[in-house]
Amino acid sequence: MENRDLIMARAVAEKTAAAGGRAFFVGGYVRDKLLKRENKDIDLEVHGLTPKALEDILEDLGGKTEKGVSFGVYGLAGTGLDIAMPREETTTGRGHRDFQVYVDPFLGMDKAARRRDFTINAMMEDVLTGEVLDYFGGMDDLEKGVIRHVDDETFGEDPLRAFRGAQFAARFQFQIDEKTAALASTMDVKALAGERVLEELKKALLKAKGPSVFFTELRRMNLLDVWFPEIRDLIGIDQSPIHHPEGDVWNHTMLVVDEAAKIREGTEDLSPREPLGFMLSALCHDLGKAVTTTAADGRIRALGHEREGLPLAKVFLERMTRDKKLTRYVFNMIALHMKPNVLAKDKVKVKTTNRMFDQSLDPEGLLLLARADHLGRPGTEILQENERFLTQRLDTFYEMMKKPYIKGADLVQAGMSPGPEFTKALAYAHKLRLSGVEKEQALRQVLNHMRRS
C-alpha cells in the first residue's frame, strides 16, 4: 500500500503544475531514496507559485498548517509533509536564530539548492516526472562516499553543519571532504544551543552502525573542545596493555560505542528500554579514567573511575540537556558498569547479584553495557560462561522479586507505627528479600532485629 504522504505529495504537485509551478522532493528524502534507505520524512519545495497560490492549493487538499510561514514553510493537515517555498537566508549574528529569511518563489532551482549544506542533500527530484536535478555533484559524492559542502560562502552561516557533517559521516560510513573539514574547523561553535548539538549526537548514536566515526571526524576537524571536552580528555590516557591491547581510553571508548550500537535495540531477551541513555552510558562509562589513571610499579590502574566519572558525566550531559530522567539513567549505568563482569568472574552468591540488579534502573541494559565494554578490547571474545551466569542470575532475581514480600501494611499489622524505625525496618526487610528469605520468616527476623536495635 502506498504511503499516504506520497499520495498527497503528488496531489500537491499536480495542482502546482496546473497553476504553472513545479514541486520537488528535496533534501534527505532524495538522498535516502538514491541510497535505497527508508525515509518517511518527505520534504517538498514548490517553485513558481506565490505564497497565496500555494496556500490555496493546500486549503483545497485538506487545509494548511503553519510550520513556519514567515520562513515559507507549511504543512498539510493529516500528513507529515513539510512544504517549503524557495528562500534565501542572510546571517545577522552568531546565534542560530540570527538570520533573515527572504521567500522568493522565482529564485530558481539552482540558487535554492545552493543554500543547502552538503551536495548529497542538495539534489531535487521532480515529484511528477522523477527527474533529478543535481547542480553540485551530489550523486557522484554518494557513489564515492564523500560529505562535501555546497558553497564556501553559505556553508559557514550555521556552525551546526560541522556536527551534521560528522553525524552523516557516521550514519552513512562516509568521509568528510578535506576542504569541507578544513572549513568546518574554522567555525565558531560556542554560540550553538545545546539541544541542537544533542540532536546531531543523538542521530549518530541511534542511527549509525559505527557512531565512533562522529567523534573521529570531529577530532579530525578539531571540534571536540567546546562540546565534547570530556571525550577529548580520554585521548592519550594509557591503559594496561594486558587488559586493553587496543590502546588508550579514547580507542577503547570508540570501540565500546560501536559494539553498543550493534545491540542498542536489544538482543533476544535482553532489551534496553532507554536506547539513547544506553548509548550515552557506553560513551561516558570510562570518563573517570581521565582523572584516576595512575602508573606505578609497571602497573596502570584507574581505581574508582566509575565513581569519579559521575561528576564529569554530569557536566557533559548538562551542557546539552536538562532531562533529569536521562541523566539519572546514565549515572546509574556508569556507577554499575564494572560490576557484572567482576561478579561473574568471582562467581559470587545470589544475594550479591540480586543487590546489583536491584540497584540497576535497567538490569538488561546493564548486562548489554557490560558486554559492549568487554568486546571493546580487540582480540578478546565474549566470555560465554560469564554471560550464562549473569542471565541465569537475572532470571533468579526476577523470580525472587515476584514472590510475596514485606510491605508497610505488614509492619503496621505487626504493631509498628510509621516513623524512622519503621523506615529502617522496611530497609532491613528489603535486604532479607534480596537474600531470598521467605516473607513469613523475614517478618519474624525483622521484628526481632528491631527489638534488639
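Parameters and conventions
- Residues numbered from 1 in each chain as written.
- Predicted model: local features only at pLDDT ≥ 70, side-chain atom pairs only at ≥ 80, totals over all residues.
- Heavy atoms only, no water.
- Axes fitted to C-alpha atoms, helices over the stretch in contact; angles between N-to-C directions.
- Helix = DSSP H or I, 4+ residues; strand = E, 2+ residues; numbered from the N terminus.
- Left-handed = near helix turned anticlockwise from the far one by under 90°.
- Contact = heavy atoms within 4.5 Å.
- Nonpolar A, V, L, I, M, F, W, Y, C, P; charged D, E, K, R; others polar.
- Expected span 1.5 Å × (residues − 1).
- Buried < 20%, exposed > 50% of the residue type's maximum accessible area, 1.4 Å probe, protein only.
- Arc of directions from axis to C-beta.
- Patch = residues over 30% accessible without salt bridge, like charges linked within 9 Å, V, L, I, M, F, W, Y side chains within 5 Å.
- Areas by Shrake-Rupley, 256 points an atom, 1.4 Å probe, with all protein chains shown as cover.
- Salt bridge = Lys/Arg side-chain N within 4 Å of Asp/Glu carboxyl O.
- Lys, Arg positive; Asp, Glu negative; His and termini not counted.
- Charge placed at Lys NZ, Arg CZ, Asp CG, Glu CD.
- Phe/Tyr/Trp six-rings, centres within 6.5 Å; stacked < 30°, edge-to-face > 60°.

Novice: Go over the packing of helix α13 (residues 275-284) against helix α19 (residues 363-375) with me, naming the residues and quoting the values.
Specialist: Running from amino to carboxyl end, α13 crosses α19 at an angle of 35°, the nearest separation of the two axes being 10 Å. Our pair here, α13 against α19, has a crossing hand that is right-handed. Here Phe278, Ser281 and Ala282 of α13 lie close against α19, whose contacting residues are Gly365, Leu368 and Leu369. Residue classes in the contact of α13 with α19 are distributed as four nonpolar, two polar and no charged.

Novice: Quick rundown of helix α9 (residues 194-207)? Include the residues and the values.
Specialist: Given a rise of 1.5 Å per residue, 14 residues ought to cover 20 Å, and the 20 Å separating the end C-alpha atoms of α9 matches this to within 8%. Those residues of α9 lying buried are Gly194, Val197, Leu198, Glu200, Leu201, Ala204 and Leu205. Along the axis of α9, the buried positions cluster into a sector of 165°, meaning they face one direction only. On the buried face of α9, the contacting elements are α7 (160-172), α10 (212-220), α13 and α15 (305-318).

Novice: Describe a positive patch on the surface, with residues and values.
Specialist: There is a patch of like positive charges on the surface, built from Lys339, Lys349, Lys351, Arg355 and Lys431. As for its placement among the helices and strands, Lys349 is situated in the loop between α17 (339-346) and α18 (350-359). Here Lys349 falls in the exposed class, since its relative accessible area comes to 60%.

Novice: Which residues make up the environment of Leu375, and what are the values?
Specialist: Checked against the element boundaries, Leu375 lands in helix α19. Note: C-alpha distance between Leu375 and Ala18 (357 residues apart in sequence) is 59 Å.

Novice: Provide a residue-level description of the packing of aromatic side chains, including the pertinent values.
Specialist: Going through the model one piece at a time under the given rule, you end up with 13 aromatic pairs. Ring centres of Phe357 and Phe397 lie 5.7 Å apart, and the angle between their planes is 40°; this geometry places the pair in the tilted category. Of this pair, Phe357 sits in helix α18 while Phe397 sits in helix α20 (residues 384-402), and the two are 40 residues apart along the sequence. Across this residue pair, the class does not change: Phe357 and Phe397 are buried. When the ring of Phe397 is compared with that of Tyr398, the centres are 5.7 Å apart and the planes differ by 50°; the resulting orientation is tilted.

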